[in-house]
Amino acid sequence: MADIFEKTSMRDMLCGSVDETLVGTSVTVCGWVARRREHGEHLAFVDLRDRSGVVQVVVDGSVDVRSEYVIKVTGTVTARPEGTVNAALPTGKVEITNCTVEILNAAEAPPFQLDDRNDIDEQVRLKYRYLDLRRSQMQNNLRLRAKVLRAVRAAMDRQGFCEIETPLLWAPTPEGAREFVVPSRLHPGDFYVLPQSPQIAKQLTMVGGFDRYYQVARCLRDEDLRADRQFEFTQLDIEASFVTQDDVMRFISEAVLDAAEAATGERPSTIESMTWTDAQDRYGVDKPDLRFGMTLQNVSAAFAGTDVKAFSAPCVKAIRVRGGADFTRSRLDALTEQAKGLGAKGLAWFRVTTDGLDSPLERFLSDAEKLAIRAVDGAEIGDLILMVADDFATASKVLGQIRLAIGAPPVSQGPHRYVWVTEFPMFEGLDEDGNPMAAHHPFTMPHPDDFDLMETDPLKVRSQAYDLVLNGWELGSGSVRIHRSDIQARVFRSLGISDEEAENRFGFLLGAFRYGAPPHAGFAFGVDRLVAIFAGEENIREVIAFPKTQSGSDLMTGAPKQITERQIRDLRIKIQPKA
Ligand code: ASP
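So, a few notes on the structure that sits alongside this text.

The rules behind these values
- Residues numbered from 1 in each chain as written.
- Predicted model: local features only at pLDDT ≥ 70, side-chain atom pairs only at ≥ 80, totals over all residues.
- Heavy atoms only, no water.
- Buried < 20%, exposed > 50% of the residue type's maximum accessible area, 1.4 Å probe, protein only.
- Helix = DSSP H or I, 4+ residues; strand = E, 2+ residues; numbered from the N terminus.
- Pairing = 2+ DSSP bridges.
- Expected span 1.5 Å × (residues − 1).
- Arc of directions from axis to C-beta.
- Contact = heavy atoms within 4.5 Å.
- Phe/Tyr/Trp six-rings, centres within 6.5 Å; stacked < 30°, edge-to-face > 60°.
- Lys NZ or Arg CZ within 6 Å of the ring centre and 35° of its normal.

**Quick look at the pairing of strand S9 (residues 212–220)**
Burial within S9 is extensive, with 7 of its 9 residues counted as buried. Across 2 bridges, the pairing between strand S6 (residues 162–163) and S9 is parallel. Across the sheet, Glu163 pairs through a bridge with Tyr214, a residue of S9. With 9 bridges connecting them, S9 and strand S10 (residues 232–241) associate as antiparallel partners. Following the sheet pairing, Leu220 is matched in S10 by Glu232.

So this is what it looks like as structure tokens:
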């Protein structure tokens, strides 16, 4: 039965609400002509579509309505004749007959059939996104997105967080991504920066005494696009004072689990956690996919005194591929090439057969080594053992990627396995000038036990940063923040940012820290990614109303575009000819 909110001055209800309880009554519905089928000489069946679904309307054959015409229909709800009931449709037991049809707007023939069964070229879909949005896949995805947003907002409200909007025209922040810049007309030669995240602004709301902030924030990053990345994306961004990492993880878990419940009807149990070092050790990545086993086994001890050159390395790791003994030689060769491409010297493989291990390396192994390989992860006959020997980082990384290549299901495939990864390193590698690079961002508090390593051995410093991972996708990251200007200055220094430069770029933040900044911590997770997984989509474009293509274009508006001479003059900028 129709909801009272469906009724407007133009219609009584939505198409999808017309059901058998209404037989005999007169109704008015509005929508788009999804399909027209002639029925004999004098009648036509029209499937009338609106956001709720379709209803069958029987019109006079002389009524000139075609695909995507917008019409208003008044008629009588009638039970469909025996044998014509469509059990697959909620409105399938009825049709609307004796109709008066008013054409509200005619439509040109659409450039593609708005039918979910058609595999439509994405370029065409994006060019005519307003038509594409009429398809039930997009209707469902965007409504699911709204549901998820509603759930996360409610979870944050319930936990005492205050929604605060932060500026889009902002100053640069050092979070690692290339930023979009906006020229200032009133200050020629100066630029605003579109925020890659509200990081500094939200920290300042903590100094401002808000205690718990959240925002469904749009973030902009001028980076190469991929299936899970757009120039602009939406994240649930939070920050809280007088909290530890565990509190933040609890707040976010609540929001994510509520969102999962709203989206799927089932609330996952609590989210497990593991340290970054464990994730490296067992999965070889910092975003472990827990939906399948094949975990990395460290067999270094068994090869400590090996005579086999391929295995004489500080770290020897192995994975067991269940039933993998039937991998063809060419598949094994391809995996070996992949391993080499990732930096390994090779990939050793052993088929576990009734006669023992089958491998070109078998005859070089000692009995103890054979036994160790045979026992990897409880291997059984018919399995395949793959091994990499190198330093810990390389062996873990390479085997971690091989594990994913062999075993990872598509990201959106259930079950949904969430995991917190904690104790990330503070810095990852060195930049061109030999300065350590912040693994999360430079506002992250180092682990209290590792403060003294900051100047002596920065790459060993652990941070108080944590990620949330779902099915091998990084959903989001956060950290306990630095709230003291002396520690912040020290971290800037380790990153190679001089005191003068720090004062110049972030003087306002360092200043704020001198006026009673409370200890605080926060997090942000990507709404697009979460919704995509709930919707069973591999690509976040499917859950964004107006996304850009992989090359950053908006095929509908044509953006990015040239601006007028007048605008260029006003902004006092000069366009260089294309290189
Ligand atoms: N600003 C971080 C990001 O966008 C999240 C955070 O640390 O709260 O990834």
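**Brief notes about helix H7 (residues 329–341)**
With 13 residues, H7 extends 18 Å from end C-alpha to end C-alpha; this agrees with the ideal 18 Å at 1.5 Å per step. Within H7, the full set of buried residues consists of Leu332, Leu335, Thr336 and Ala339. The arc that holds every buried residue of H7, seen down its axis, measures 105°, which confines them to one face. Of the exposed residues in H7, the ones pointing more than 90 degrees away from its buried face are Ser330, Glu337 and Gly341. Looking at the buried positions of H7, the neighbouring elements they touch are strand S14 (348–353), strand S16 (384–390) and helix H9 (392–407). Of the residues trailing H7, Gly343 is marked for its positive phi of about 110°.

**What to know about the packing of aromatic side chains**
Evaluated as defined, the whole model comprises 12 aromatic pairs. Arranged with centres 6.3 Å apart and planes meeting at 80°, the rings of Tyr128 and Tyr130 form a pair that is edge-to-face. Taking the centre distance of 5.2 Å and the plane angle of 70° together, the rings of Trp420 and Phe523 count as edge-to-face. Here Trp420, found in strand S17 (residues 418–422), pairs with Phe523, found in strand S22 (residues 520–526); they are 103 residues apart in sequence, far enough to count as distant. As far as the burial class goes, Trp420 and Phe523 line up, both buried. What links up through ring pairs into an aromatic cluster is the set Phe303, Phe311 and Phe350. The cationic tip of Arg529 hangs over the ring face of Trp473; the distance from NZ or CZ to the ring centre is 6.0 Å.

Coordinates in, geometry out; function isn't part of it.
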